[in-house]
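Summary of structural features
One letter stands for each residue in the lines below.
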Amino acid sequence: MPSPDAQAAAAATVILLRRPADPEIYWVRRAPQTSFLSGFHAFPGGRVDAEDHGDDADARARHAAVRETWEETGLGLVSPPLPADAPGPDARDFDAVLAAGHQPRLDALIFVRETLSPAYLGRRFLTRYYLCWVDDAAAPAVDPARGELDQGEWIRPADALARWAAGEILMAPPTAEIVRALAAGDAHAFEAHRAPPHVSPVCPHIHLLPLRTPTLPPATHTNTTVVGTDRLAVFDPASPFPDQQAILDGWLDAQVAAGAQVEAVVLTHHHRDHIGDARRVADRYGARLLAHPETAARVDFAVDGTLDEGDHIELGAHRLAVHHTPGHAPGHLIFVDAATGIAIVGDMVAGLGTILIEPGDGDMAQYLDSLARMRALGLRALIPAHGGAIGTPDHRLAHYIQHRLAREAKVWAALAEGAADVATLVGRAYADAPPMARMGPGGGIAGLSLRAHVEKLVAEGRAYEVSPGHYGALGAPSGRGGAPGAPG
């Protein structure tokens, strides 16, 4: 089997710096609609493409770094320098720059590090990071119309770090480590600021540990989230695998050795890929195991206390509000950090894949209502159970609602074609879904989702059960909806 490095796409990133006496870095924010690390702050850069020439991997990465910097910010790291009337943001064609006789200044890039993105994000990149000093008057500019980025700015590393510490922005660990090193005065000292393996700090008191679990593809991991400094709560310790349990134990043991205490183990809901290690962790650290009463009634181990809408989890200097968000599961809870507005949201949304509303366990009407109530909370970031954190909560929640209503309109239209069984309705309403989603008895996962939509329509008097497993339409479609997406 190929190594993770062999499976990863090569990428390159440039850390632009100016004003050596009081350095500033230029960072950008990934746009809300991007599927990978949406809303995260990062440095200009991207994938190494076939057009990026060079004698070795480093030369090709340097070429890609210069090209991406031009395409994303309009800053030409080339020789001779671009004239003042160089093409604007709407015409950033690097081939045209080369054709005009300009050459990439590959020697201006100072290599800093190479990192491999973790498996839980779903997309693997082997990224080379470079520093590049530019003139004080350099004016890179992001063009939001290009789609991938929506803003960019110069900022002092210490100020960037303060914004991250306050939970105002998200950075992937390699970015945060370099910013911390720059704030300390030496970008090459990032090793002193490296997070432990398998740990992704979301902010100083919220840490995400993605651990491998028997979950639904394309996800392979469930995020265990730890909140607190001296008093800790552990959310969704879920892995049944000893090697993954050892990772969690090792990190928690280090916190305990430093004086912290694990006070609570908390469940978002009862599904097996969220509970597999909960009782063991609670017993190991003498912590109370907490969950919603509906969750407590569905797990096969003892729960020490219950949580519901309006409760709070107190962790010394840190406090989390508890919100009951049924729909995916009857006892689903989310937890909002009071200081930052960062929310641990379980399976309400996903950073990787989609959310299944399964008949008998889930309720589509409740799920849509819970998503709408989450939008009203004014959250700053979401930590889902699967995939990376999400830095654009309102956009993602609105998309989920729009997508489900669009799928509901397709389901009603399928019913209106004539009463049919679930498999036939799946063929009508989920023709745009991947074939794997439609495989299996009753239309597979798409069939389960369709039944959840049909149950909602039946409850609203817009559909009816003709005979067991056969359904037809009543009334007229709601007129709500948007662009179709993945199976919903």
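Scroll up to find the structure this text is about.
In this report, the structure presented in the accompanying data block is examined. (Residues numbered from 1 in each chain as written. Predicted model: local features only at pLDDT ≥ 70, side-chain atom pairs only at ≥ 80, totals over all residues. Heavy atoms only, no water.)

**Thoughts on the side chain of His102**
Relative to the helices and strands, His102 resides in the loop between helix H3 (94-99) and strand E6 (103-104). Residue His102 is classed as buried on the basis of its relative accessible area, which comes to 9%. (Helix = DSSP H or I, 4+ residues; strand = E, 2+ residues; numbered from the N terminus. Buried < 20%, exposed > 50% of the residue type's maximum accessible area, 1.4 Å probe, protein only.)

**Structural notes on empty space enclosed by the protein**
This model, assessed by the stated rule, comprises 1 cavity of 30 Å³ or more. Roughly 40 Å³ of internal volume is contained in the largest cavity. Lining of the largest cavity is provided by Asn223, Thr225, Phe235, Asp236, Thr268, Ile344, Gly346, Ile383, Pro384 and Ala385. Within the residue set of the lining of the largest cavity, elements represented by two or more residues are strand E13 (221-227), strand E21 (342-346) and strand E22 (381-384). Residues belonging to the lining of the largest cavity are distributed by class as follows: 5 nonpolar, 4 polar and 1 charged. (1 Å grid on protein atoms, 1.4 Å probe; cavity = no way out; pocket = protein on both sides within 12 Å on 5 of 7 lines; lining within 4 Å. Points joined across faces, edges and corners; volume = space filled by probe spheres on them. Nonpolar A, V, L, I, M, F, W, Y, C, P; charged D, E, K, R; others polar.)

**As for unusual backbone geometry**
Omega for the peptide link from Ser79 to Pro80 comes to -5°, which places this bond in the cis form. As for its placement among the helices and strands, Pro80 is situated in the loop between strand E5 (78-79) and H3. A cis amide bond links Pro217 with the next residue in sequence, Pro218, at an omega value of 10°. The phi torsion at Arg19 lies on the positive side, around 60°, for a residue other than glycine. One can find Arg19 in the loop between strand E1 (9-18) and strand E2 (24-30). Assessed through its relative accessible area of 35%, Arg19 is described here as partly exposed.

**Focus: the packing of aromatic side chains**
Summed over all chains, the structure comprises 4 aromatic pairs. The interplanar angle of 55° and the centroid separation of 4.9 Å between the aromatic rings of Phe235 and Phe335 together place this pair among those described as tilted. Here the residue Phe235 occupies a position in strand E14 (residues 231-235), and Phe335 occupies one in strand E20 (residues 333-337), the gap between them amounting to 100 residues. Note on Phe335: relative accessible area 0%, which makes it buried. The cationic tip of Arg180 hangs over the ring face of Trp164; the distance from NZ or CZ to the ring centre is 5.3 Å. Lying over the aromatic face of Tyr430, Arg407 brings its terminal NZ or CZ to 4.4 Å of the ring centre. (Phe/Tyr/Trp six-rings, centres within 6.5 Å; stacked < 30°, edge-to-face > 60°. Lys NZ or Arg CZ within 6 Å of the ring centre and 35° of its normal.)

**A few points about the sheet that holds strand E19 (residues 318-324)**
Ordered in space as E18-E19-E20-E21-E22, the 5 strands form an open sheet in which the pairing is mixed. Among the strands making up the open sheet, the edge pair consists of strand E18 (312-315) and E22. Averaged over all neighbouring strand pairs, the angle between strand axes comes to 25°, with direction disregarded. Judged from the 4 bridges that link them, E21 and E22 form a sheet pairing that is parallel. Bridge assignment links Ile344 to a residue of E22, and that residue is Ile383. (Pairing = 2+ DSSP bridges. Axes fitted to C-alpha atoms, helices over the stretch in contact; angles between N-to-C directions.)

**Details of helix H5 (residues 173-183)**
With 9 of 11 residues buried, H5 is to be regarded as a mostly interior element. Three or more residues of H5 are buried, namely Pro174, Thr175, Ala176, Glu177, Ile178, Val179, Arg180, Ala181 and Leu182. Positive phi shows up at Gly185, right after H5, with a value of about 105°.

**Here we look at the layout of surface pockets**
The space that makes up the second largest pocket amounts to roughly 740 Å³. Taken together, 31 residues form the lining of the second largest pocket, with Leu216, Pro217, Thr354, Leu356 and Ile445 sitting closest to its centre. Put simply, the parts of the chain that give the lining of the second largest pocket at least two residues each are helix H7 (272-275) and helix H13 (444-459). Looking at the lining of the second largest pocket element by element, the count peaks at 3 residues for H13. Considered class by class, the residues forming the lining of the second largest pocket number 17 nonpolar, 8 polar and 6 charged.

Functional significance is not addressed by these values, which are geometric in nature.
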